[in-house]
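Structure at a glance
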Amino acid sequence: MTVLTRRGRVGESATRVDGVPKVTGEYMYGSDLHAEHLLWGVTVRSPHASARICRIDVAGAARAAGVACVLTAADLPAARTFGLEFADQPVFADGVVRYSGEPVAVVAAETLEQAQLGADLVSVEYEPLPAVTDMEQALRPDAPLVHELGNVLRHVHIRHGDGADADAEVWVDGYYETAMQDQAALGPEGGLAVPAADGSVDLYVATQWLHVDRQQIALCLGLPEELLRITLAGVGGAFGSREDIHMQIHACLLALRTGRPVKIVYGREESFHGHVHRHPSRSWIRYGAMRDGRIVVADVRLLLDGGAYASSSGPVLGNAATFAAGPYEVPNVLVEATVVYTNNPPCGAMRGFGAPQVCFAYESAMDELAAKLGFDPLELRLRNAVRTGSVLPTGQVLEGPAPVREVVERCRAVPVPPEEPREGRDAIAYPGGAGNVGRGEALKRGVGYAVGFKNVAYSEGFDDAAEATVTLRPSAEGPVAVIRTAAVDYGQGLYTVLAQIARTELDVDEVVFEPSSTDSGSAGSTSASRQTTMSGGAVLGACREIREALVGGQLEEAISRTFTYHHRPTTGLDEEGQGRPHVSFSFAAVRAVVEVDEELGLVRVVQLAAAQDAGRVINPQGAEGQVEGAAAMGLGLALTEEIQLADGAIRNASFTDYLIPTILDVPPIVSEFVEEPEPDAPYGVKGIGELATVAVTPAVVAALRAATGRALNRAPVRPDDLVGIEPSLRTSGRPPVPDVPGQRPIPEYHGLGLGQQQLMKARE
Amino acid sequence: MSGPSPGTLAEALEARAAHPEAVPIAGGTDLMVAVNFGRLRPEALLDLSGIAELAAWQRRDGAVRIGAGATFAQIASDLGEFPPLVQAARAVGSPQIRHRATIGGNLATASPAGDALPVLATYGGDVLLASVRGERRLRWDEFLVAPKRTALAEDELIVGVEWPVVDGPGSFAKVGTRNAMVIAIASVSLQLDTQARRVCIALGSVAPTVVRAPEAEAFASDALDWDDPQRPLPETVAREFGALAAAAAHPIDDVRGSAAYRRRAVEVLARRALAWAVDDRRAAA
Amino acid sequence: MTVTTTVNGVECTVDVPPAASLLTLLRDELGLTGSKNACEQGECGSCSVWLDGELVCACLVAAVQADGRTVRTVEDLGGADRLHPVQEAFVAAGAVQCGFCTPGFVVAVADLLECDPHPSDDAIREALAGNLCRCTGYSKIVAAVHLAEGTAA
């Protein structure tokens, strides 16, 4: 049992604090919760992408056996909409549905089966309306409007130097697409709402940010925030899909109405409809360079499909736009980036948050440019890479470490696995795996590289501070540190890292955690690779204050300190897209080695090597685990993962047809860390959870191009593309730049700001 | 429906006749998916998984008979003399699925993507059916009528499959977009019958049901050198065979793959399967 | 309908709807929430249990099919004070992140090591092809198997 007591300080591979209950099955996720006399809730959803609701008849459902309550928009007591940025998303569709899967009603019954039967009895009469299901169609003047304020949700314009007008000697001009990816966290949406006699509610839920949930839910319940207590239930992964509200408001409404606890859990099919997805993208990118390899112009038109409601599309677009020219010093940059509303399923936060889409485009374009210039692809990157002191297209100066050269060199130095013999392998060691499709025919190896970057923490002027309370308590066995934080650990190992920080700062071994709830102040979201920095900083600050209070003295009684950590301030973008929008940056280089069966177009990824700029690694084993998981997600977008839509309806809402990588699809992953400390960050850390997702997709596709010679301008790459059945995507040209009042999301100009914005701005 | 599940085939047939509303279930790997997704809400189930005689297999009079209840795990471990069948079994899902999924289930579900079905078709096998009224057998293509539709009567159960044992190498291969846990986009089963000097090939997932490719078979049966196992397979023969096999496919575009890719996959798999069979025959000689 | 089944050594009699799955019986009737429901169709392996000693997905077994049989779940492998070597190995190797897939993997790996005490990497991957993980990228899961084979009885 010795390994399980590896408590670990900063820099050591400490044992996960919640590992034991997870391996025994005792750890309780939102979908495992139980209460006496609970009711099960089931949601009724629209099959149509765009329709008027003519009539909803709940009488049949209300009469059904075991049904306790049926709610629709007609029953809403207070705010009728919610949203992370703008409250544009109805609790229940109100007169009109805007996407296939939109909630229309919810039914509570004694058993899950009775609730499902009751839901089937809710009778809704729809009048289908014209739907806009293509992001370029959405920009056309004759397109149906998803919302009255128009289909443009946000447009960002960035102009640096002479924009697109400068001269260059060599040009490449490419068009690239990425599909709608799903977070596909294994743990489905789930939670339990328990009403109290005084009209308050206790909500136990799997989520990413308790406080922004509470803000939205309370408004829709018509309750002051103090009467809604949210306690974190175990979260079975999230990757962005738990940032938005899912079952919370529905469950609380039912609980308040029936006076009984209500549990809602989504099945896998419903889960696809119940959370946001990654924005599909279309990129038109031109690089202009001099013959000596210096890139002098980057000209990007980017389009993202935001789906029916705003979610976090505004910040996703802002992020994507600021990274669209790549981690390269380019003196003249023009970026015109738009996210539109459509009647497709809403898109929002997913690991990478806009960075993966643009990385695929700029790294693909960089390889084209290298080929045209006759440069080695890595040498072209190194020739143009940003470094500390570089000026980014937004005018922001890269103040922290930017070890692009180092991550490239470390990645390149990882030994490439030797080529295996073609014949005589076990069947599963060929592309196609368990399908027995080959004995070594038509195998071709390819190697590809990509460099990516992204920000850490929130951007564009938001103050996403994090609070933590640390208590140092004497005990017979020695002092114990107690950490209270509302931060969510949905698997990345945040709590373990916080424990390591407390052990290091307070020189203790025992660290325990109080339950995460809204009893504490906000720790911000577990997203944006921010929590090690933000909650780590809060715990660090609290520990230091405890040490100061103890100086020279003994620990006689418990001493407690609460610390709120703020990152350095950022600004929004001015009318030319200039400002200091990001807190800090981190960089990664990835190499993919693939083997392709050229006749069947099937792929076996042989190795992924990822070198990442981590600032400081707190827990090496945990950091590797994060890179490995992020890499697998990037691999999924490269090869197999795509939400397929037909007229706005999801065709593959199951794990049979939405294919996440299995253990036979993900190769061994080698991770390397470059540690150049970030100034002003606790221990010099940067975030690590997202970068490999950003850079793996283009690396894999580059390797596939090397193996097959195909142009491949779309992710995921399908067998059709690899065997040449499917020609490269064509475009009819860049869509027009919309006329907008400014850089902010359009709803803001209509006075609709809410959600995260208000929460974070109010703290000033 | 109450009481213990049937322990013998006779009990099961009685129950089937007496309670036609009880949905038969063996491995449950197709049926329970429909139930879990709310697409099927049976009032009762007729559990066949406890009937030992349904899982048995035997060789007799130059034929092999495999009980409908034989799981793919059992097939993979016990039926090594039929490589195409074992390869199909190994290509099915995961160990968890293979421990439950049965060959009878593949037949009852009658999806053109069912992994054992092209193998059965290659062997020209029969499907054995029984009811309280007696037994009958249908040729595989008489049983598999249309996608997800069979000729099973309301009171019948599938009891097994039977096919004549042939001498010669063969294989099964299936294409999917990822390396495991896929429903076939296209599959091919091939068998050489060295006595009858015939090549048999069946295609899965590329037509409403599993189909044979008679023109391809006739061509290859004629073109192979049956007298000299050491003779390599000419490239032109392999290519023509592949092209003829692909021509026998009538695939559609669906969420899993395109028709064009399916045709290409069949052409490649058929060509490879024939080459492997010739190689295996040479190695055995 | 009534089902009598022996779960983790204890005989239980429960009433379930006619087509309920074994997974529903375990989770909702017996409160054994260690086995998870992540896909409802046997694709992900997070509901892996043993039925009469054989590794199966509980979501694909009808509860009635467990009547008169024995079921063994992750809860039987070990508790916090006495972990099974596979459970220890998963924690020690860093193979646990969100943990939702973990019980299914732990059962599947315990099953693998019973059949094949020293599996190759290829054998490990083929045996675990039906267990999906979204967090770890599988590398440390493979490492956990190797760690467990060294310490398993």
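Residues numbered from 1 in each chain as written. Chains lettered and ligands numbered in written order. Predicted model: local features only at pLDDT ≥ 70, side-chain atom pairs only at ≥ 80, totals over all residues. Heavy atoms only, no water.

**A short note on the overall build of chain C**
Here is the rule: Going along the chain from the N terminus, every DSSP run of H or I of four or more residues is numbered as a helix, and every run of E of two or more is numbered as a strand. Radius of gyration here is computed from C-alpha atoms only, and the compact-globule reference equals 2.2 Å multiplied by the residue count raised to the power 0.38. The buried label goes to any residue with under 20% of its type's maximum accessible area, the exposed label to any with over 50%, and the partly exposed label to all in between, with areas taken from a 1.4 Å probe on protein chains only. The contact rule is simple, with two residues in contact once any of their heavy atoms fall within 4.5 Å.
Assigned secondary structure in chain C consists of 5 helices and 5 strands. Its helices and strands in sequence order give chain C the pattern β-β-α-β-β-β-α-α-α-α, from N to C terminus. In terms of overall dimensions, chain C is globule-like: its C-alpha atoms have a radius of gyration of 15 Å, near the 15 Å expected for 153 residues. For chain C, the C-alpha atoms occupy an extent of roughly 45 × 30 × 25 Å along the three principal directions. Counting the 153 residues in chain C, one finds 68% classified as buried. Pairs at least 24 residues apart make up 56% of the contacts formed inside chain C by residues separated by at least 6 positions.

**Here's the deal with the overall build of chain B**
Inclusion rule: Accessible surface is estimated by sampling points in the Shrake-Rupley manner with a 1.4 Å probe; for residues, cover comes only from the protein chains shown. Note on charges: Lys and Arg go in the positive column, Asp and Glu in the negative column, and His and the chain ends are not counted at all. For the purpose of locating charges, the reference atoms are NZ of Lys, CZ of Arg, CG of Asp and CD of Glu.
Of regular secondary structure, chain B possesses 11 helices and 13 strands. Computed over C-alpha atoms, the radius of gyration of chain B comes to 19 Å, within 12% of the 19 Å expected from 2.2 N^0.38 for 285 residues, which places it in the range of a compact globule. In terms of overall dimensions, chain B has C-alpha extents of about 60 × 45 × 30 Å along its principal axes. Residues counted as buried form 59% of the 285 residues belonging to chain B. For chain B, the accessible surface area stands at approximately 10900 Å², while carbon and sulfur atoms represent 49% of it. Taking the average place of the 30 positive charges on the side chains of chain B and the average place of its 34 negative ones, the gap between the two points comes to 6 Å.

**Examining helix H5 (residues 210-221) of chain A**
All names here are of chain A. Our working definition: Helix span, expected: 1.5 Å multiplied by one less than the number of residues in the helix.
Look at H5: 16 Å from first C-alpha to last across 12 residues, which is about the 16 Å you get at 1.5 Å a residue. Counting buried positions over the 12 residues of H5 gives 11, a clear majority of the element. Every buried residue belonging to H5 is among Leu210, His211, Val212, Asp213, Arg214, Gln215, Gln216, Ile217, Ala218, Cys220 and Leu221, and all of these are buried. Remark: Gly222 follows H5 within two positions and exhibits a positive phi of approximately 75°.

**Looking at the interface of chain B and chain A**
By a widely used convention, the size of an interface equals the accessible area lost when the partners come together. Rule in force here: Once two parts are brought into contact, the accessible area they lose, counted with a 1.4 Å probe and summed over both, makes up the buried area. A side-chain nitrogen of Lys or Arg and a carboxyl oxygen of Asp or Glu constitute a salt bridge if their distance falls within 4 Å.
Taken together, the 32 residues of chain B in the interface contact 42 residues of chain A. When chain B packs against chain A, the two sides together hide about 3200 Å² of surface, and 49% of this comes from carbon and sulfur. Summed over the three residues of chain B that lose the most area to chain A, namely Arg178(B), Asn179(B) and Arg272(B), the buried surface amounts to 25% of that side. Applying the counting criterion to the chain B and chain A interface returns 8 salt bridges.

**Remarks on the sheet that holds strand E22 (residues 559-565) of chain A**
Residues and elements named next belong to chain A. Rules: Only when DSSP finds a minimum of two bridges between them are two strands counted as paired. For every element, the axis is a line fit to its C-alpha atoms; helices are fit only across the contacting stretch, and the angle between N-to-C directions ranges from 0 to 180 degrees.
Pairing is mixed across the open sheet formed by 4 strands, whose spatial order is E21-E20-E19-E22. Only two strands of the sheet have a single partner each, and these edge strands are strand E21 (510-513) and E22. Here the strands of the sheet are splayed against their neighbours by 20° on average, with no regard to which way each runs. Of the strand pairs in this sheet, strand E20 (residues 480-485) and E21 are connected by 4 bridges, and their pairing is parallel. Looking at the pairing, Val480 lines up with Glu510 of E21. Sheet strands touched by helix H12 (residues 494-506): strand E19 (466-473), E20 and E21. Its angle to E20, the strand with the most contacts, is close to 135°. Relative to the sheet, helix H13 (residues 531-550) contacts E19, E20 and E22, its axis offset from that of E22 by approximately 140°.

**Structural notes on the confidence of the model for chain C**
What counts is decided by this rule: On a scale of 0 to 100, pLDDT captures the predictor's confidence in every residue.
Of the residues in chain C, 98% have a pLDDT of 70 or more, and the chain-wide mean is 95. ipTM for the predicted complex: 0.97, alongside a pTM of 0.97.

**Focus on unusual backbone geometry**
Residues and elements named next belong to chain A. For the bond from Ala715 to Pro716, the omega torsion is 5°, close enough to zero to count as cis. In this fold, Pro716 is placed in the loop between strand E28 (714-715) and helix H16 (719-723). A positive phi angle, close to 55°, is found at Phe353, a residue other than glycine. Tracing the sequence through the fold places Phe353 in the loop between strand E17 (332-340) and helix H9 (355-373). We classify Phe353 as buried; its relative accessible area is 17%.

**With respect to the packing of helix H10 (residues 377-384) of chain A against helix H11 (residues 404-413) of chain A**
Residues and elements named next belong to chain A. Worth spelling out the cut-off: Should an angle fall under 35 degrees it is called roughly parallel, over 145 degrees roughly antiparallel, and 65 to 115 degrees roughly perpendicular, with every other angle called oblique. The sense of a crossing depends on the near helix, which, turned anticlockwise from the far helix by less than a right angle, makes the crossing left-handed and, turned clockwise, makes it right-handed. For this scheme, ten residues count as nonpolar: Ala, Val, Leu, Ile, Met, Phe, Trp, Tyr, Cys and Pro. Four count as charged, namely Asp, Glu, Lys and Arg, and the remainder, Gly too, count as polar.
Relative to each other, H10 and H11 sit at 160°, their axes nearing to 10 Å. Relative to H11, the element H10 is oriented roughly antiparallel. Crossing handedness for the pair H10 and H11: left-handed. In this structure, H10 contributes Leu378, Glu379 and Leu382 to the contact, and H11 contributes Arg405, Val408, Glu409 and Arg412. Residue composition of the contact of H10 with H11, grouped by class: 3 nonpolar, no polar and 4 charged.

**A short note on the interface of chain C and chain A**
Condition: What qualifies as a polar contact is a pair of N or O atoms within 3.5 Å, subject to a donor-acceptor requirement within protein and to the restriction that residues adjacent in sequence count only when both atoms come from side chains.
On the chain A side, the residues contacting the 50 residues of chain C number 64 residues. Taken together, the two surfaces of chain C and chain A that pack against each other cover about 4300 Å², and 59% of this comes from carbon and sulfur. One can count 5 salt bridges joining chain C with chain A. When the shortest N-O distance is used, the salt bridge between Glu624(A) and Lys140(C) registers 2.6 Å. Taken together, chain C and chain A are joined by 28 residue pairs in polar contact (both at pLDDT 80 or more). Of all the elements in the fold, those that place two or more residues in the side of chain C that touches chain A are helix H1 (22-29), helix H2 (85-92), helix H3 (102-115), helix H4 (121-127) and helix H5 (139-151) of chain C.

**A word on the pattern of salt bridges**
A side chain of one charge can pair with a side chain of the opposite charge when the charged atoms of the two come close. What the rule picks out here adds up to 77 salt bridges over all chains. Linking Glu43(C) and Arg178(B) is a salt bridge whose minimum nitrogen-to-oxygen distance equals 3.1 Å. Taken as a pair, Glu43(C) in the loop between H1 and strand E3 (48-51) and Arg178(B) in the loop between strand E10 (170-175) and strand E11 (186-193) lie in two separate chains rather than in one. Residue class for Glu43(C) comes out buried when judged on its relative accessible area of 9%. Across the salt bridge formed by Asp76(C) and Arg72(C), the nearest N and O atoms sit 2.6 Å from each other.

**Here's the deal with the environment of Val666(A)**
Residue position: Val666(A) is located in the loop between strand E26 (649-650) and strand E27 (669-674). Filtering out sequence-adjacent residues up to four positions away, Val666(A) remains in contact with Ala632(A), Leu635(A), Pro661(A), Arg125(C), Gly137(C) and Tyr138(C).

**Describing the packing of aromatic side chains**
Selection criterion: Two rings belonging to Phe, Tyr or Trp (six-membered ring only in the last case) form a pair when the distance between their centres is within 6.5 Å. Interplanar angles under 30 degrees mark stacking, angles over 60 mark edge-to-face geometry, and anything in between is tilted.
Using the criterion set out here, one finds 21 aromatic pairs over all chains in the structure. On the numbers, 6.0 Å between centres and 85° between planes, the contact of Tyr176(A) with Phe360(A) is edge-to-face. Here the residue Tyr176(A) occupies a position in strand E10 (residues 170-178), and Phe360(A) occupies one in helix H9, the gap between them amounting to 184 residues. Accessibility assignment for this pair places Tyr176(A) and Phe360(A) in one class, buried. Here Phe82(B) and Trp163(B) contribute two aromatic rings whose centre-to-centre distance is 5.8 Å and whose plane-to-plane angle is 90°, an arrangement assigned as edge-to-face. Here Phe82(B), found in the loop between helix H3 (72-78) and helix H4 (83-91), pairs with Trp163(B), found in strand E9 (residues 157-164); they are 81 residues apart in sequence, far enough to count as distant.

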